[in-house]
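# Tertiary structure, described
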Amino acid sequence: MRLFWCAGTCDALGSQMSGLVLPLLLLTLGRTPAEVGAVAGLCAAATLLLGPFAAVPADRGARKLVMVGAALVSAAAMTGVALAVRSGAVPMAVLIGAVLVERSATSCYEAASLGTVALVCPPAEHRRVLSRLQAGERGALVLGPALGGVLFQAGRWLPFLADALSYAVAAGCIRALRTELSPPREQRPPAGGPRRTWRAAAAEAGAGVALIRREPLLRLALGWLSAVNALLVALYYTTVFALQGSGAAGPGLVLALAGAAGLAGALLAPRLAGRRSPTRVLVAVSWLMVPPAAALAAARDAWQFGLLFGLLCLLTPLATVALQARIIQVTPPGLQARTGTVLATASGAAAALAPALAGLAADRAGPEATLVGCGVLLAAVALHATWAAPALTRGTGEEPA
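Residues numbered from 1 in each chain as written. Predicted model: local features only at pLDDT ≥ 70, side-chain atom pairs only at ≥ 80, totals over all residues. Heavy atoms only, no water.

## Description of the overall build of the protein chain
- Along its length, the protein chain carries 14 helices and zero strands.
- Along the protein chain, helices and strands appear, N-terminal first, in the series α-α-α-α-α-α-α-α-α-α-α-α-α-α.
- Here the protein chain holds 401 residues, and 47% of them are scored as buried.
- Within the protein chain, contacts between residues at least 6 apart in sequence are counted, and of these 87% link residues at least 24 apart.
- When the accessible area of the protein chain is evaluated, it comes to approximately 18400 Å², of which 67% is carbon and sulfur surface. (Helix = DSSP H or I, 4+ residues; strand = E, 2+ residues; numbered from the N terminus. Buried < 20%, exposed > 50% of the residue type's maximum accessible area, 1.4 Å probe, protein only. Contact = heavy atoms within 4.5 Å. Areas by Shrake-Rupley, 256 points an atom, 1.4 Å probe, with all protein chains shown as cover.)

## Notes on helix α11 (residues 278-295)
- Taking 1.5 Å of rise per residue, the 18 residues of α11 would be expected to cover 26 Å, and the 27 Å separating its terminal C-alpha atoms lies within 8% of that figure.
- Residues of α11 that are buried include every one of Pro-278, Thr-279, Val-281, Leu-282, Val-283, Val-285, Ser-286, Met-289, Val-290, Pro-292 and Ala-293, and no others. (Expected span 1.5 Å × (residues − 1).)

## Overview of a nonpolar patch on the surface
- Among the surface-exposed residues, Leu-20, Leu-24 and Leu-27 lie close enough to one another that they form a single nonpolar patch of about 230 Å² accessible area.
- Considering the arrangement of structural elements, one finds Leu-27 in helix α1 (residues 2-28).
- Of the residues examined, Leu-27 reaches a relative accessible area of 43% and is grouped as partly exposed. (Patch = residues over 30% accessible without salt bridge, like charges linked within 9 Å, V, L, I, M, F, W, Y side chains within 5 Å. Salt bridge = Lys/Arg side-chain N within 4 Å of Asp/Glu carboxyl O.)

## With respect to the packing of aromatic side chains
- Evaluation of the coordinates by the stated rule reveals two aromatic pairs.
- Between Tyr-236 and Tyr-237 the ring centres are 5.6 Å apart and the planes differ by 80°, which places this aromatic pair in the edge-to-face class.
- Here Tyr-236 falls in the buried class, since its relative accessible area comes to 19%.
- Judged by relative accessible area, which is 33%, Tyr-237 ranks as partly exposed.
- Both rings, one in Tyr-236 and one in Phe-309, keep their centres 6.0 Å apart while their planes meet at 45°; by these two values the pair is tilted. Of the two residues, Tyr-236 sits in helix α9 (residues 216-242) while Phe-309 sits in helix α12 (residues 302-330), which places them 73 residues apart along the sequence. (Phe/Tyr/Trp six-rings, centres within 6.5 Å; stacked < 30°, edge-to-face > 60°.)

Taken by themselves, the reported measurements are silent on function.
In structure tokens:
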């Protein structure tokens, strides 16, 4: 499990370093903000579209092969970017092509990694392991941008080289795992024939969607994760709009406090949530998030915004860890990657739309009204969770919410 944690943390750390400096690099090369935004959009689209198809071979038993191969492809792509930037002549087409290859390979790695927890540890350890994995990602979110900025000042090519090295380390860690990362043969989906149609391939890739439609807990998780992720992103961007007169220091302080609080929440999740039912934790966290979200509308300086937003980031890991542990238990081994990819894709797409919607609302109604609206929507999410949770606990042996 330590090797898997090391692989995921190194991957996240490298991605955060290069992700911060890529827009800066494009701007220093004379590209316009619109072009930078277009590149970011292409990268996001590649991440969202390829994951469901990469999850199919992972569920069939090729999880380790997909992960190692994807990490090596990403390492090669980032090495190419580093060499191109180091040489001084950076053709835009080469740069965009390499970044798209890296993003596509990373989406395959992430899709294949979903469901690994169920294969490497017993159910009693799921919450503890998930909290450690989430803590690693949160720590990378805090340290990665800072390290990327320092390396970028030393040499524009260094963050990309560091990202390439992180992918190489991740590939080595996954390769060194003794576990084969494959479900039992009888629990794997059947392999398709050599003449499978595109419709059959799409149906196989969409098996996770079919499972979510049948399973009430997964439907609740899909809606809650998508809504909460989108609202947190909207709250952050609206906070940035409200602090626009403070320069970069204000949003930077908010992001630092939020990252530290999220890291603490991930580490404390197994102890605070204990062995309570995920639905009970979900309802409690949903309601506890409403007051600080609504209070953001009355905040006036970066410290107030940072402390309130940090409280939100402290609470969310409690629910996500408990919910993810339950998702692993109710999902068949042969559908772990595809189901997890659907959940991740939906929440990622919702979060990707949130900045534009927050900006539009802030322009029309102002940041304060937008923050109040987000608080109202969080209350609606809490009401829905409260209404849906009792139906999920009947007949499952869980304590009612």
